[in-house]
Each structure stands twice: as C-alpha cells, then as structure tokens.
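Single-letter residue listing:
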Number of protein chains: 2
Amino acid sequence: MTSVSTEPRNTDGPSPATPPTGGSAAQRERRRRILDATITLAAEGGFDAVQMRAVAEQAEVALGTLYRYFPSKIHLLVSALAREFTKDVDRSAVRATPGDTAHERIMYVLNRRTRALQKQPKLTEALVRAFMFADQSVTGEIHEVGTSLTTVIARAMHGTPTLGEVTEEEAAIIRIISDVWLSALISWVTGRMDEQDVEKSIDVAVRLLLR
Amino acid sequence: MTSVSTEPRNTDGPSPATPPTGGSAAQRERRRRILDATITLAAEGGFDAVQMRAVAEQAEVALGTLYRYFPSKIHLLVSALAREFTKDVDRSAVRATPGDTAHERIMYVLNRRTRALQKQPKLTEALVRAFMFADQSVTGEIHEVGTSLTTVIARAMHGTPTLGEVTEEEAAIIRIISDVWLSALISWVTGRMDEQDVEKSIDVAVRLLLR
DNA sequence: GACTGATGTAGAACGTGTTACAAGTCTAGA
DNA sequence: TCTAGACTTGTAACACGTTCTACATCAGTC
C-alpha cells in the first residue's frame, strides 16, 4: 500500500538537509519532533504506518518541511535508526561489557540489542526494512549505522569501553558478524526465523570466526 | 517515485497464484512472458523501471492478469530472481566445479555469479532490492532463492555435482557465506563497495570459516 | 522600521502500486 | 451443443510517496 521512493534525489546537497547538530534551536527541535513521530508511528504500525502525511501531522510540521528535513521516507527511517543506534553506542562507552571471553561479550552485546529490538517488532520491521531498501542516496545514514554497530562489537571484543587498535583481521571478523546479525534480523522480521534461531545463528558465526 | 506494497495480501492462497509448473500451456506461457518482460525492463532501468503497467503491456496481458499471477511487484521480482537462480543451479549440477580446495571452488562459483550479476547492474539492483524488501508474504519465493544459493555453495564445497550429506557445521558455514555474499551484493548495488571489495570480503569470510 | 532571502505552511497535483468492476472468452462436462 | 464457472481483458478508482505553488513568517541588514 505504501509507496517508497527509490530515485536518488536532492543530489545537490548532503542527504539530511538538516544534520543532527546544525541549525537553530527551533530546527533541532523540529528534527527531534519528526524523528519522535516516526518512531511512534513505526512502533504502532510498522513500515506502512509511517506515512509522510501522518508523520508531518504528528510532528506538527508541514509536509513540505518534513521533506526539507528528510528527502524521503527511507532517509527518515534510516535516520531514526541511526539515532537509536547512536544512543546505544553512547551507552556502551560508559562501562565494560560483562563476559570472560570475546565470544561471551559479543554475544552479550548482540543478544541484548536483539532482544530490545524484538520487544518492538513493528518498529524493528520498519527500521530494518528501510535500512535494507535504502539506495545510494542514503549512503551517509547507512554508514552511520554501520559504524555504530562495528564500534559496539569491537568494544565487546576487546572488553573495554575504550577502543584500542583493531587489526585488519578483527575488522573483517566484525564485518562478517554484522552481516550475519543483520541477515538474521531480516529473517526474523519476515518471519523466517524465530528468536532462538537468531541467537543461535549469531552464536555459531561468532564461534566459527573466533576459534 | 515507485510504489511498493508491503502489506500481506492474497492471504487465502499460495503466493504465486500460478506456480511455475502448474496450469495450462497457455498459462505457463503467460507466466514466462511476464517474467521475461520483468527481466527486460529491470535490465534496462532497474527497480523503478519495472512498473506494473509496463510489465503487463510488454507481456501482453491485462494488469489484472498480472496481479493474478504475481500478487505484488515484490513477488514478481523475487520470482524472477528465483527463476534465474534456478537456472544456475541446474547448470551447476552438470559438471564438477574447478578448483583444488573448497575455498577455491567456493570462490570460483561465487565470483562467477557475482561477475555475471555485475554485468547487468540495473537488473541486479532491481532483483536484490526486491529480495531485501520482501516481507512475510514472499516467504516461499525467498526460500526458493535461499535453497538455490546454499545448494550451489554446498556443491562447490564438496567439489561434486552430486550432493552428499552436509553436516550441521557445514550448513552453518554455508549460511554465513550466503549472508556475507548477499550483504556484499547490497553494498555493491548501493555503491558502498566496488567489485574488488565484494570479492575480497567474500574471500576473507570463506578463509576464516574454512580454516 | 522596511527590505530580502531563507524557512515554514497549507494544500493541490502527479505518478505508480494496487484494487474493483463489468464484460468478453475459453474449457470441461452434461 | 449448451451451460456454469473460471480466466482474461480493459478501464476506472484509490492510496500514499513525492513534487509544486502561493503565501506567511522570521532573522539579519540597511
């Protein structure tokens, strides 16, 4: 039912016309309201419920303004995902991850995040689908999400909030784990895996990669 | 610009109202024409160019008929992908994969397929995006694609066209390789990786998993 | 205080996926 | 052959992402 733009657009500037930190206080406030509305609607009804008119109305901005801030529905949802993930990264910087081995720590971090997402299936569906559908014009936001994820995994791998050097090999392993995690998440969102399958598949991947 | 349904629909029957092999000769012929038109349009203009009205026109069926055969654009594209992959599996069954080690054979198979896809970037974009965006209602077609992929990798791993027993561990490794491959393909489609990155990332994953 | 350019608002308009409907056509079985 | 039912067709209508237009507001400058 819902439509989704797939054409690159807004090619003359950075993807979010209003980046997270720039602009006046009123603008940052509008941006926050828009993302809040997005999360609320997505949590209630998933991807399809995030309708641009509904977001605009709930955030109390005009439709044109919404599009000025986020040039497409996909940008909007991926930006929302990036904001959520960034919160998580900040939290993970505060204290060491529990667990005696890299395997345990990585599983701890990923399972915690997985379970948090699974508590809000509609929201997760909306965010993950948007992430996967994103095209070239969303590169910036996608990259932000990817960075958050690898940072958190790298911290868990080393067991310290401060991030030391990461070797080539470790970086490769982390990327693969991210891929498996995202893949599992999609499978879960689309009903092809249940909660246990997700944890299991990540566990196997981590075990195979860290041996 | 393009719209994509994300609601489950056609919930009272199997996803493709007309499965690949059933129906009259005329129906199989119509199905073939529809998928051919889909591939042609996708190869020319990617996901956005696969417009349902255009597919119907080129396949010389009515729009309603198109929807009777494929209940949504996503079903249509994923079915097209499944058909292409199935062809590949059939081919891989004919002769042994070249290469002295499992690593070499897997890389041979995946690289060959990757390069084939990269020769038709628009087509690949359309098929991969549809695959990733697919929701619950497309489970059947998705599963078909997944099976093709794992079969081909399993054959390459063993080096024989006939498929012997696959251990739990091997199955897990194959799934992870599939995940990495699909992930890399998406990154390539969306311009976040180039050809070499794709091959490299798969090579690293296979090396780490088979050591 | 008036001007100007950027920003925001309200709402219409457009394109494409999807659905609905009325009428024609084909097929199996009596 | 005739008929019931399934299948096709052609076309209109609808929903929602996206774009466009005309006007209002606001911040900074003279």
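Keep in mind it's a predicted model, so treat the numbers as computed, not measured.

Draft legend 1. Geometry of the overall build of chain A. Along the backbone of chain A there are 9 helices and 0 strands. When the helices and strands of chain A are listed from N to C terminus, the series reads α-α-α-α-α-α-α-α-α. For chain A, whose C-alpha radius of gyration is 18 Å, the value lies close to the compact-globule estimate of 17 Å for 211 residues. Counting over 211 residues, chain A shows a buried share of 52%. When contacts within chain A are restricted to residue pairs at least 6 apart in sequence, those whose partners lie at least 24 apart make up 72%. Within the structure as shown, chain A displays about 9,600 Å² of accessible surface, and the carbon and sulfur contribution to it stands at 52%. Across chain A, the centroid of the 26 positively charged side chains sits 3 Å from that of the 27 negatively charged ones.

Draft legend 2. Main features of the packing of aromatic side chains. Under the defined criterion, the tally for this structure stands at 5 aromatic pairs over all chains. Relative to B:F47, the ring of A:F133 lies with its centre 5.4 Å away and its plane at 75 degrees, an arrangement referred to as edge-to-face. One end of the pair, A:F133, is in helix α6 (residues 121-133); the other, B:F47, is in helix α1 (residues 25-49), on a second chain. Residue A:F133 is classed as buried on the basis of its relative accessible area of 1%. Taking relative accessible area as the criterion, B:F47 reaches 0% and is therefore assigned buried. Centroid distance B:F85 to B:W181: 6.3 Å. Interplanar angle 40 degrees. Geometry classified as tilted. Of the two residues, B:F85 is situated in helix α4 (residues 73-94) and B:W181 in helix α8 (residues 168-189); the sequence distance between them amounts to 96 residues. The exposure class of B:F85 is buried, given its relative accessible area of 7%. We classify B:W181 as buried; its relative accessible area is 0%.

Draft legend 3. Layout of helix α9 (residues 195-210) of chain B. An ideal rise of 1.5 Å per residue puts 22 Å on 16 residues; α9(B) measures up with 23 Å between its terminal C-alpha atoms. Among all positions of α9(B), only B:V198, B:S201, B:I202, B:V204, B:A205, B:V206, B:L208 and B:L209 are buried. Among the structural elements, α8 (168-189) and α9 (195-210) of chain A together with α5 (102-118) and α8 of chain B are those in contact with the buried residues of α9(B). Measuring from the backbone nitrogen of B:Q196 back to the side-chain oxygen at the start of α9(B) gives 3.1 Å, which picks out B:D194 as the cap.

Draft legend 4. Expanded view of the side chain of B:T38. Residues and elements named next belong to chain B. The topology assignment puts T38 in helix α1. On the basis of relative accessible area, T38 is assigned to the buried category, the value being 0%. Among the polar contacts listed, one links the side chain of T38 to the backbone oxygen of I34, at a separation of 2.8 Å. Setting aside residues no more than four positions away along its own chain, T38 makes contact with V50, V55, L76, L77 and A80.

Draft legend 5. A look at the pattern of salt bridges. If you walk through the whole model with that rule in mind, you get 24 salt bridges over all chains. Where A:D88 meets A:R91, a salt bridge forms, and the shortest distance between an N and an O atom there is 2.5 Å. Taken together, the residues A:D88 and A:R91, both in helix α4 (residues 73-94) and 3 residues apart, mark about one turn of the helix. What makes A:R91 partly exposed here is its relative accessible area of 49%. A salt bridge links B:R33 to B:E29; the shortest N-O distance between them is 3.8 Å. Pair noted here: B:R33 and B:E29 are both in helix α1, with a separation of 4 residues, about one helical turn.

Draft legend 6. How the structure looks around the environment of A:E44. Mapped onto the elements of the fold, A:E44 is located in helix α1 (residues 25-49). Using a relative accessible area of 58% as the deciding quantity, one classes A:E44 as exposed.

Draft legend 7. Up close: α1(A). Between its terminal C-alpha atoms α1(A) stretches only 29 Å, short of the 36 Å expected from 25 residues at 1.5 Å a residue. Where α1(A) bends most, the angle comes to about 95 degrees, and this point is A:A43. The complete set of buried residues in α1(A) reads A:R31, A:I34, A:L35, A:A37, A:T38, A:I39, A:L41, A:A42, A:G46, A:F47 and A:D48. Residues of α1(A) that are buried sit in contact with α2 (52-59), α3 (63-69), α4 and α6 of chain A together with α6 (121-133) of chain B.

Draft legend 8. Highlighting unusual backbone geometry. Residue and element names in this part refer to chain A. The residue E60 is not glycine, and still its phi comes out positive at about 55 degrees. Mapped onto the secondary structure, E60 falls in the loop between α2 and α3. Looking at E60, the relative accessible area reads 64%, which means it is exposed.

Draft legend 9. View of the environment of B:L66. All names here are of chain B. Looking at where L66 falls in the secondary structure, it is placed in helix α3 (residues 63-69). Considered as a pair, L66 and I106 are 40 residues apart in the sequence and their alpha carbons are 38 Å apart. The contact partners of L66, leaving out residues within four places of it in the chain, are I34, M52, V55, A56, V61 and L76.

Rules used throughout
Residues numbered from 1 in each chain as written. Chains lettered and ligands numbered in written order. Predicted model: local features only at pLDDT ≥ 70, side-chain atom pairs only at ≥ 80, totals over all residues. Heavy atoms only, no water. Helix = DSSP H or I, 4+ residues; strand = E, 2+ residues; numbered from the N terminus. Rg over C-alpha atoms; globule rule 2.2 N^0.38 Å. Buried < 20%, exposed > 50% of the residue type's maximum accessible area, 1.4 Å probe, protein only. Contact = heavy atoms within 4.5 Å. Areas by Shrake-Rupley, 256 points an atom, 1.4 Å probe, with all protein chains shown as cover. Lys, Arg positive; Asp, Glu negative; His and termini not counted. Charge placed at Lys NZ, Arg CZ, Asp CG, Glu CD. Phe/Tyr/Trp six-rings, centres within 6.5 Å; stacked < 30°, edge-to-face > 60°. Expected span 1.5 Å × (residues − 1). Polar contact = N/O pair within 3.5 Å; in protein donor to acceptor, adjacent residues only side chain to side chain. Salt bridge = Lys/Arg side-chain N within 4 Å of Asp/Glu carboxyl O. Bend = angle between axes of the 7 residues up to and from the residue.

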